[in-house]
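Take a look at the letters that make up each chain.
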Amino acid sequence: MKRPLLITDCDEVLLHMVSHFDAWLGEAHDIRFAFETGQFREALTHRATGELVAEDRVWPLLTEFFQGEMHRQTLVPGALEALGRIGEVADIVILTNLGDEAHSWRVDQLASHGIRHEVVCNRGGKGIPAKAIIDRYQAGATVFVDDLPVHHASVAEHAPDVHRLHMVAEPLLAPAIPAAEHAHARIDDWPTACGWILERLQGSNFLPMRP
């Protein structure tokens, strides 16, 4: 039997990010993150005027946060315990959309929270790198977990047999983000998600797509 595999995102799945990003933006730049938009590029506004932050500033601000403020991030409740249970029956890879220069930062950050699994950095859609990870592990049943619908669409295109779980673990953000069209289920907490994942890694339970 081929060993099953969990491929999971990090930010807003394993670790809270945007709430801490918002706090830092306010402290350092007098900017707020508008959770209610359910967006990212359109979520940053100047507190003094309410005007949108110029798009060409958004990604540099995010890079600045990851370079110097990753220590602020906190564990999503239940994530560590769920990974422990899943790791008893499956391999686990964390597929994170950060540049390769951030690989050691993310590895060290996750280890500080007790999470020690392979980390793969990526830019853009996650379908192709997810397929490469599956092929490298010669995995059996595979579950993919991510907070961004665009990545579920990418994995559905390049690795359609993968079970896809949409999770937005930040409670301030989750209500503003609709369920991903290309995910098989939406679960925003790890205690519930863990059972769903284990069922699919250990059996042949495959959910149909939403109509």
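This write-up is about the structure you can find in this document. Every chain is numbered independently, its residues counted from 1 as its sequence is written. With the structure being a predicted model, the display of local features is reserved for residues of pLDDT at least 70 and the display and counting of side-chain atom pairs for 80 or more, all residues being used for whole-chain, interface and lining totals. Derived side-chain values reflect all non-hydrogen atoms in the structure, with water molecules and hydrogen atoms excluded from consideration.

**What to know about the packing of helix α1 (residues 18-29) against helix α2 (residues 55-68)**
Note on geometry: axes are C-alpha line fits, over the in-contact stretch for helices, and angles between N-to-C directions span 0 to 180 degrees. Each helix corresponds to a stretch of at least 4 residues labelled H or I by DSSP, and each strand to a stretch of at least 2 residues labelled E; elements are numbered beginning at the N terminus. At a minimum axis separation of 11 Å, α1 and α2 run at an interaxial angle of 105 degrees. It follows from the interaxial angle that α1 and α2 lie roughly perpendicular. In this structure, α1 contributes H20, F21, W24, L25 and H29 to the contact, and α2 contributes R57, L61, L62, E64 and F65. Each residue belonging to the contact of α1 with α2 can be placed in one class, and the counts come to 6 nonpolar, 2 polar and 2 charged. For classification purposes, angles smaller than 35 degrees are called roughly parallel, those larger than 145 roughly antiparallel, those between 65 and 115 roughly perpendicular, and all remaining angles oblique. Whether two residues are in contact is decided by their heavy atoms, any of which lying within 4.5 Å being enough. Here the nonpolar group is Ala, Val, Leu, Ile, Met, Phe, Trp, Tyr, Cys and Pro; Asp, Glu, Lys and Arg are the charged ones; every other residue, Gly included, is treated as polar.

**Comments concerning unusual backbone geometry**
Despite not being glycine, E12 shows a phi value in the positive range, around 70 degrees. When you line up the elements, E12 lands in the loop between β1 (5-8) and β2 (15-16). For every residue, the accessible area obtained with a 1.4 Å probe (protein chains only) is divided by the maximum for its type, and the residue is called buried under 20%, exposed over 50%, and partly exposed between those limits. By relative accessible area, which is 2% here, E12 ends up buried. Positive phi, normally seen in glycine, also occurs at D30, with a value near 55 degrees. The topology assignment puts D30 in the loop between α1 and β3 (31-33).

**Notes on the environment of Q109**
With respect to the helices and strands, the residue Q109 is situated in helix α4 (residues 103-112). Judged by its relative accessible area of 7%, Q109 falls in the buried class. When the C-alpha positions of Q109 and L15 are compared, they lie 9.8 Å apart, and in sequence the two are 94 residues distant. In this view, Q109 contacts L15, M70 and Q73; residues no more than four positions away in its chain are not counted.

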